Every structure is written in C-alpha cells, then in structure tokens.
Amino acid sequence: MRLRIHYGGTFDPVHLGHMAIARAARDQLRVAVRLMPAADPPHRALPGANAEQRARMLALAIGDEPGLQLDRRELDRAARQPGVPSYSVDTLRELRAELGPRQPLAWLVGADSLLGLPGWHAWEALFDLAHFIVADRPGSPLEQALPPALATALAGRWAAHARDLQEAPAGRVLRLQAPLREESASAVRQRIATGGDWRALLPAAVADYIADHGLYGAAAS
C-alpha cells in the first residue's frame, strides 16, 4: 500500500511557501499530497478569512497541478457538527478508520508546528495514527534543543529515508528538506493590511481573489 500524505493547515492565506512545501513532499516521496484547510482551530485565534474563502483560495492555488489535491474533510465535518472543536487527532482517527490499520499515513507539518505539538489536543496519540513529515530547512528550530516532553516523544522515531515511512503505518518522523522561502501567512496579512508589496508572495490566482473580495484589508478591485 502506498503512503498517503495529508498537509493540514489554516492556509490563511495559502502562499508560495505552502506550495513549495507541498511540491517538495510530492516530488521527494513521489506520492500525491492532499492539502486540507482546517476548520477554526481551538488552539489559535480565528483565521482572517472564513472557511469557504480559505478553501477557495487553496483550490485556486492548486489548480490542475498534478499530485496536489484539495481535501475538505475538516470543513465538512465542522459544517455537520457546528460548534464542535476541530482537532487534528479526530481527523487522523477518521482517516485511519477509512484507510484501515495497515495503510501508511503521514501528516505534513512545518517545523514550528512540530515544536508546538505538546499544546495540541491528545497529541501523544497522533503517533499511533500517522507518521509525521516535517518541512525543515537549515537553521530551523529543530536544530536547537527540543522541549523535554517532545524530545522524549520523538526519541527513536526519526526516519533516515522516505522509504522508512512505507514499512509501518504510523509512528515515524521524517525531516523533509523543503526549499528555503520566507513567506508566512501572518507576514502576508500584515503586508496587505499596511499596503505593502504582497502579490509576489502568493499564487497569482490567489492574489486576484484577495483583491476581488477585499480580504485582509485589501482594496477591493
């Protein structure tokens, strides 16, 4: 059975850094990457665009590009269960129920997200449900001392090769050497709000959508 990769995030908005990570995972592991916009997450502030707007921007960014797909499961679950917090562990349990116990499944995250893992709901259970692929780059926080609880949880889980993720359904952690980019969603929102140069940080179709809808303080076109 081939590895399944899901790339979860708020994507508020999706930018070229997100796309570079998704493409790197697709190309290095040679499997499709399913980009999954989060519902309003319980562990951070509400996003600057609503769920449908974020999903639409992600669909525009992906377009018809081979090997990149949109997965709406978290948004659809939130619509079915309004007011219920959206937790990554629930998404992975849902995926594991669909795929069965033997299918290799990986959750793609950035290095900063991995460092924040101890703050996630039922975070230690995540390793029983999926592998982690961590988008990394030289000088990342992973090269510094890890929080003790996280260091303990990751001990013995590091994978040396992508093929290691095929040999078990869950529980390994692979560092993905992603292209070095400086975009962040917060920086994009800040530039838009202050009238800075922001279009170059986004896929063109996403930039047009933001301008057309006046998102993040952009002047509507």
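Overview of the structure. Everything numeric here is computed off the predicted structure, so don't read it as measured data.

## What to know about the overall build of the protein
Right, so step 1: Helix and strand counts for the protein stand at 9 helices and 6 strands.
Right, so step 2: Scaling as 2.2 N^0.38, a compact globule of 221 residues should have a C-alpha radius of gyration of about 17 Å, and the protein matches this with 17 Å.
Right, so step 3: Structurally, the protein occupies a C-alpha span of about 50 × 40 × 35 Å along its principal axes.
Right, so step 4: Counting all 221 residues of the protein, 48% fall into the buried class.
Right, so step 5: Within the protein, residue pairs in contact and separated by at least 24 positions form 72% of the contacts whose partners lie at least 6 positions apart.
Right, so step 6: Per element, the accessible surface of the protein, about 10,500 Å² overall, is 50% carbon and sulfur.

## Notes on the nonpolar core
Generally speaking, nonpolar side chains in soluble globular proteins are found buried as a group.
Right, so step 1: Counting residues in each nonpolar core, the largest one holds 42 residues, and the members touching the most others are I5, L29, V33, L35, M57, L108 and I210.
Right, so step 2: Per element, the largest residue contribution to this core is 6 residues, and it comes from helix 1 (residues 16-29).
Right, so step 3: The next biggest cluster of nonpolar side chains, apart from the first, holds 24 residues, and it includes L105, F127, F132 and L154.

## So, unusual backbone geometry
Negative phi is the rule for most residues except glycine; trans is the rule for most peptide bonds.
Right, so step 1: Note that the residue after D12, namely P13, is joined by a cis bond; omega there is 0°.
Right, so step 2: Secondary-structure assignment places P13 in the loop between strand 1 (4-9) and helix 1.
Right, so step 3: We note that R30 has phi near 60°; this positive angle belongs to a residue other than glycine.
Right, so step 4: Along the chain, the position of R30 falls in the loop between helix 1 and strand 2 (33-37).
Right, so step 5: Located in the positive-phi region is A122, a residue other than glycine, with phi close to 50°.
Right, so step 6: Here A122 lies in the loop between helix 5 (111-115) and helix 6 (126-129).
Right, so step 7: Residue classification places A122 among the partly exposed positions, given a relative accessible area of 31%.

## Quick notes on the packing of helix 3 (residues 73-80) against helix 4 (residues 88-99)
Right, so step 1: Where helix 3 contacts helix 4, the axes come no closer than 11 Å and their chain directions differ by 105°. It follows from the interaxial angle that helix 3 and helix 4 lie roughly perpendicular. Of the residues in helix 4, those in contact with R73, E74, R77 and R80 of helix 3 are S88, D90, T91, E94, L95 and E98.
Right, so step 2: The residue makeup of the contact of helix 3 with helix 4, split by class, is 1 nonpolar, 2 polar and 7 charged.

## Concerning the sheet that holds strand 1
Where strands meet in a sheet, backbone hydrogen bonds hold them as pairs that are either parallel or antiparallel.
Right, so step 1: Read across the sheet, 6 strands follow the order 3-2-1-4-5-6 without closing on themselves; strand pairing throughout is parallel. Each end of this open sheet is capped by a strand with a single partner; those strands are strand 3 (68-70) and strand 6 (173-177). Going from strand to strand, the sheet's axes swing by 30° on average, the running direction of each strand aside.
Right, so step 2: Sheet topology note: the strand 5 (residues 131-136)/strand 6 ladder contains 5 bridges and is parallel. Its bridge partner being in strand 6, D136 is matched across the sheet by Q177.
Right, so step 3: Across the sheet, helix 2 (residues 51-62) lies against strand 2 and strand 3, angled at about 160° from strand 3, the strand it touches most.

Basis of the calculations
- Residues numbered from 1 in each chain as written.
- Predicted model: local features only at pLDDT ≥ 70, side-chain atom pairs only at ≥ 80, totals over all residues.
- Heavy atoms only, no water.
- Helix = DSSP H or I, 4+ residues; strand = E, 2+ residues; numbered from the N terminus.
- Rg over C-alpha atoms; globule rule 2.2 N^0.38 Å.
- Buried < 20%, exposed > 50% of the residue type's maximum accessible area, 1.4 Å probe, protein only.
- Contact = heavy atoms within 4.5 Å.
- Areas by Shrake-Rupley, 256 points an atom, 1.4 Å probe, with all protein chains shown as cover.
- Core = buried A, V, L, I, M, F, W, Y, C linked by side-chain atoms within 4.5 Å.
- Axes fitted to C-alpha atoms, helices over the stretch in contact; angles between N-to-C directions.
- Parallel < 35°, antiparallel > 145°, perpendicular 65-115°, else oblique.
- Nonpolar A, V, L, I, M, F, W, Y, C, P; charged D, E, K, R; others polar.
- Pairing = 2+ DSSP bridges.

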